[in-house]
Amino acid sequence: MKQVQILDRDFTISIPANKIQEQVERVAQEINRDLEGKNPIFMSVLNGSFMFTADLMKHITIPCEISFVKLASYQGVASTGQIKEVIGINEDLSDRTVVIVEDIVDTGLTMQRLLESVGTRMPKEIYIATLLLKPDKLQVELDVNYVAFEIPNDFIVGYGLDYEGYGRNLGDIYTVIE
Ligand code: IMP
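Owing to the predicted nature of the structure, the values given are computational and were not obtained by experimental measurement.

Student: Is there a simple way to explain unusual backbone geometry in this structure?
Tutor: Across residues other than glycine, the phi torsion is negative in most instances, and most of the peptide bonds are trans. The linkage connecting Leu-46 with the following residue, Asn-47, adopts the cis geometry, with an omega of 0°. You can see Asn-47 is positioned in the loop between β3 (41–46) and α2 (50–58). Although it is not a glycine, Met-122 adopts a positive phi angle of roughly 55°. Tracing the sequence through the fold places Met-122 in the loop between α3 (109–119) and β7 (125–133). Positive phi is not limited to glycine here, since Tyr-159 has a value of about 50°. Along the chain, Tyr-159 turns up in the loop between β9 (156–157) and β10 (173–176). For Tyr-159, a relative accessible area of 1% corresponds to the buried category.

Student: For this particular structure, what's the right way to read the pairing of β3?
Tutor: Every other side chain in a regular strand lies on the same face of the sheet, so the side chains alternate between the two faces. Here β3 lies mainly inside the structure; five of its six residues are buried. Examined bridge by bridge, β3 and strand β6 (residues 97–105) share four bridges and lie parallel to one another. Bridge pairing links Met-43 to Ile-100 in β6.

Student: What is the right way to look at the sheet that holds β9 in this model?
Tutor: Sheets are built from strands that pair by backbone hydrogen bonding, the pairs being arranged parallel or antiparallel. Spatially, four strands are ordered β1-β2-β10-β9 in an open sheet, and the strand pairing comes out antiparallel. Looking at which strands have only one partner, the edges of the open sheet turn out to be β1 (3–6) and β9. In this sheet, β10 lies alongside β9 in antiparallel orientation, the contact comprising two bridges. Each bridged residue has a counterpart across the sheet, and for Val-157 the counterpart in β10 is Tyr-174.

Each value, and the rule that gives it
Residues numbered from 1 in each chain as written. Predicted model: local features only at pLDDT ≥ 70, side-chain atom pairs only at ≥ 80, totals over all residues. Heavy atoms only, no water. Helix = DSSP H or I, 4+ residues; strand = E, 2+ residues; numbered from the N terminus. Buried < 20%, exposed > 50% of the residue type's maximum accessible area, 1.4 Å probe, protein only. Pairing = 2+ DSSP bridges.

Encoded structure:
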(Lines give C-alpha, C1' and ligand atoms only; values in the text may rest on other atoms or scores of the structure.)
Protein backbone atom coordinates (compact mmCIF):
# COMPACT_ATOMS: atom_id res chain seq x y z
CA MET A 1 0.00 0.00 0.00
CA LYS A 2 1.34 3.40 -1.02
CA GLN A 3 2.27 5.54 1.98
CA VAL A 4 3.75 9.00 2.46
CA GLN A 5 5.18 10.82 5.42
CA ILE A 6 4.40 14.52 5.80
CA LEU A 7 6.14 16.26 8.69
CA ASP A 8 5.34 14.10 11.74
CA ARG A 9 2.43 12.09 10.32
CA ASP A 10 2.08 9.02 8.10
CA PHE A 11 -0.61 8.80 5.47
CA THR A 12 -1.88 5.92 3.34
CA ILE A 13 -3.42 6.22 -0.09
CA SER A 14 -7.22 6.32 -0.05
CA ILE A 15 -8.29 7.70 -3.45
CA PRO A 16 -5.88 7.08 -6.34
CA ALA A 17 -5.43 9.68 -9.08
CA ASN A 18 -7.31 7.70 -11.74
CA LYS A 19 -10.40 7.42 -9.52
CA ILE A 20 -10.24 11.15 -8.80
CA GLN A 21 -10.15 11.92 -12.52
CA GLU A 22 -13.16 9.66 -13.19
CA GLN A 23 -15.31 11.44 -10.61
CA VAL A 24 -14.11 14.94 -11.55
CA GLU A 25 -15.13 14.20 -15.13
CA ARG A 26 -18.51 12.90 -13.96
CA VAL A 27 -19.12 16.12 -11.99
CA ALA A 28 -18.11 18.24 -15.02
CA GLN A 29 -20.59 16.37 -17.20
CA GLU A 30 -23.38 16.97 -14.67
CA ILE A 31 -22.55 20.68 -14.64
CA ASN A 32 -22.44 20.80 -18.46
CA ARG A 33 -25.88 19.20 -18.56
CA ASP A 34 -27.50 21.26 -15.77
CA LEU A 35 -26.05 24.70 -16.46
CA GLU A 36 -26.17 24.81 -20.24
CA GLY A 37 -27.31 28.24 -21.43
CA LYS A 38 -26.74 29.81 -17.99
CA ASN A 39 -23.31 31.31 -18.71
CA PRO A 40 -22.02 30.42 -15.21
CA ILE A 41 -19.13 32.03 -13.40
CA PHE A 42 -17.00 29.55 -11.44
CA MET A 43 -15.53 30.86 -8.17
CA SER A 44 -12.63 28.66 -7.18
CA VAL A 45 -11.66 28.90 -3.52
CA LEU A 46 -7.90 29.03 -3.00
CA ASN A 47 -5.66 27.42 -1.96
CA GLY A 48 -7.18 23.98 -1.61
CA SER A 49 -9.24 23.76 -4.77
CA PHE A 50 -6.55 24.68 -7.31
CA MET A 51 -6.04 21.14 -8.62
CA PHE A 52 -9.69 20.21 -8.59
CA THR A 53 -10.56 23.43 -10.41
CA ALA A 54 -7.91 22.90 -13.09
CA ASP A 55 -9.04 19.34 -13.83
CA LEU A 56 -12.74 20.16 -13.59
CA MET A 57 -12.52 23.11 -15.97
CA LYS A 58 -10.79 21.01 -18.63
CA HIS A 59 -14.04 19.04 -18.93
CA ILE A 60 -16.43 21.99 -18.82
CA THR A 61 -17.62 22.51 -22.38
CA ILE A 62 -20.32 25.18 -21.90
CA PRO A 63 -19.47 28.90 -22.15
CA CYS A 64 -18.35 30.12 -18.72
CA GLU A 65 -16.05 32.42 -16.79
CA ILE A 66 -13.70 31.54 -13.97
CA SER A 67 -12.42 33.54 -11.05
CA PHE A 68 -10.55 32.85 -7.82
CA VAL A 69 -11.22 33.88 -4.25
CA LYS A 70 -9.33 33.38 -1.06
CA LEU A 71 -10.38 33.27 2.56
CA ALA A 72 -8.51 35.24 5.16
CA SER A 73 -8.89 34.26 8.79
CA TYR A 74 -8.86 36.95 11.40
CA GLN A 75 -9.34 37.04 15.15
CA GLY A 76 -11.83 39.03 17.07
CA VAL A 77 -15.32 37.60 16.96
CA ALA A 78 -15.73 36.18 20.41
CA SER A 79 -18.22 33.36 20.00
CA THR A 80 -16.69 31.52 17.05
CA GLY A 81 -13.06 32.51 17.61
CA GLN A 82 -12.22 32.76 13.94
CA ILE A 83 -14.34 34.15 11.15
CA LYS A 84 -13.27 33.95 7.55
CA GLU A 85 -13.29 36.98 5.33
CA VAL A 86 -13.69 36.47 1.60
CA ILE A 87 -11.18 38.38 -0.50
CA GLY A 88 -10.86 38.81 -4.21
CA ILE A 89 -14.42 38.89 -5.53
CA ASN A 90 -14.01 41.65 -8.09
CA GLU A 91 -16.54 40.55 -10.69
CA ASP A 92 -20.06 41.86 -10.97
CA LEU A 93 -22.11 38.85 -9.89
CA SER A 94 -25.52 40.49 -10.15
CA ASP A 95 -28.00 38.26 -11.93
CA ARG A 96 -25.28 35.65 -12.61
CA THR A 97 -25.25 31.92 -12.04
CA VAL A 98 -22.34 31.33 -9.67
CA VAL A 99 -20.69 27.96 -9.02
CA ILE A 100 -18.52 27.89 -5.90
CA VAL A 101 -15.72 25.35 -6.36
CA GLU A 102 -14.31 24.02 -3.07
CA ASP A 103 -11.88 21.30 -2.11
CA ILE A 104 -13.77 19.97 0.92
CA VAL A 105 -16.90 20.67 2.91
CA ASP A 106 -16.22 19.51 6.45
CA THR A 107 -18.31 21.30 9.12
CA GLY A 108 -19.72 23.50 6.35
CA LEU A 109 -19.00 26.72 8.25
CA THR A 110 -16.58 27.99 5.61
CA MET A 111 -19.11 27.33 2.87
CA GLN A 112 -21.82 29.07 4.85
CA ARG A 113 -19.60 32.15 5.14
CA LEU A 114 -18.89 32.06 1.41
CA LEU A 115 -22.57 31.76 0.56
CA GLU A 116 -23.32 34.81 2.70
CA SER A 117 -20.61 36.82 1.02
CA VAL A 118 -21.51 35.82 -2.55
CA GLY A 119 -25.21 36.25 -1.71
CA THR A 120 -24.75 39.95 -0.91
CA ARG A 121 -23.67 40.50 -4.53
CA MET A 122 -27.13 39.67 -5.84
CA PRO A 123 -26.42 36.65 -8.03
CA LYS A 124 -29.34 34.93 -9.74
CA GLU A 125 -28.42 31.59 -8.16
CA ILE A 126 -25.52 29.87 -6.42
CA TYR A 127 -24.43 26.27 -6.90
CA ILE A 128 -21.83 24.43 -4.83
CA ALA A 129 -19.34 21.98 -6.34
CA THR A 130 -16.97 20.24 -3.94
CA LEU A 131 -14.37 17.58 -4.48
CA LEU A 132 -14.98 16.06 -1.05
CA LEU A 133 -17.78 16.05 1.50
CA LYS A 134 -17.63 14.66 5.02
CA PRO A 135 -21.38 14.18 5.59
CA ASP A 136 -21.03 13.12 9.24
CA LYS A 137 -19.21 16.34 10.17
CA LEU A 138 -21.67 18.75 8.59
CA GLN A 139 -22.98 21.23 11.19
CA VAL A 140 -25.11 23.47 9.01
CA GLU A 141 -27.80 22.86 6.47
CA LEU A 142 -26.26 23.13 3.02
CA ASP A 143 -27.47 22.20 -0.40
CA VAL A 144 -24.29 20.81 -1.94
CA ASN A 145 -25.17 20.34 -5.60
CA TYR A 146 -22.09 18.54 -6.93
CA VAL A 147 -19.87 16.16 -4.94
CA ALA A 148 -17.06 14.07 -6.39
CA PHE A 149 -16.61 11.93 -3.24
CA GLU A 150 -18.28 11.51 0.13
CA ILE A 151 -15.64 10.46 2.65
CA PRO A 152 -15.45 9.44 6.33
CA ASN A 153 -14.31 11.84 9.04
CA ASP A 154 -10.57 11.08 8.83
CA PHE A 155 -8.06 13.80 8.00
CA ILE A 156 -6.81 13.65 4.42
CA VAL A 157 -4.14 15.30 2.25
CA GLY A 158 -3.21 15.51 -1.41
CA TYR A 159 -4.72 16.78 -4.64
CA GLY A 160 -4.71 20.34 -3.32
CA LEU A 161 -5.42 19.59 0.35
CA ASP A 162 -2.67 20.16 2.88
CA TYR A 163 -1.33 19.17 6.24
CA GLU A 164 0.39 22.22 7.77
CA GLY A 165 0.92 23.61 4.28
CA TYR A 166 2.45 20.43 2.82
CA GLY A 167 1.08 17.69 0.60
CA ARG A 168 -0.97 19.82 -1.80
CA ASN A 169 1.17 18.64 -4.71
CA LEU A 170 0.29 14.94 -4.35
CA GLY A 171 -1.75 13.57 -7.25
CA ASP A 172 -3.53 10.98 -5.07
CA ILE A 173 -5.53 11.54 -1.87
CA TYR A 174 -4.13 10.07 1.35
CA THR A 175 -5.71 9.43 4.75
CA VAL A 176 -3.84 9.91 8.02
CA ILE A 177 -2.77 6.77 9.86
CA GLU A 178 -3.82 7.24 13.49
P1 IMP B 1 -15.22 23.59 7.18
O2 IMP B 1 -15.41 25.05 7.37
O3 IMP B 1 -15.19 22.84 8.48
O4 IMP B 1 -16.21 22.95 6.21
O5 IMP B 1 -13.76 23.36 6.64
C6 IMP B 1 -13.37 23.66 5.39
C7 IMP B 1 -11.88 23.80 5.29
O8 IMP B 1 -11.15 23.04 6.27
C9 IMP B 1 -11.44 23.25 3.95
O10 IMP B 1 -11.52 24.24 2.94
C11 IMP B 1 -10.03 22.77 4.22
O12 IMP B 1 -9.13 23.83 4.04
C13 IMP B 1 -10.04 22.39 5.69
N14 IMP B 1 -10.18 20.92 5.89
C15 IMP B 1 -11.25 20.27 6.39
N16 IMP B 1 -11.02 18.93 6.45
C17 IMP B 1 -9.78 18.74 5.96
C18 IMP B 1 -8.97 17.55 5.75
O19 IMP B 1 -9.34 16.39 6.01
N20 IMP B 1 -7.73 17.76 5.21
C21 IMP B 1 -7.26 19.01 4.88
N22 IMP B 1 -7.98 20.12 5.07
C23 IMP B 1 -9.23 20.00 5.60
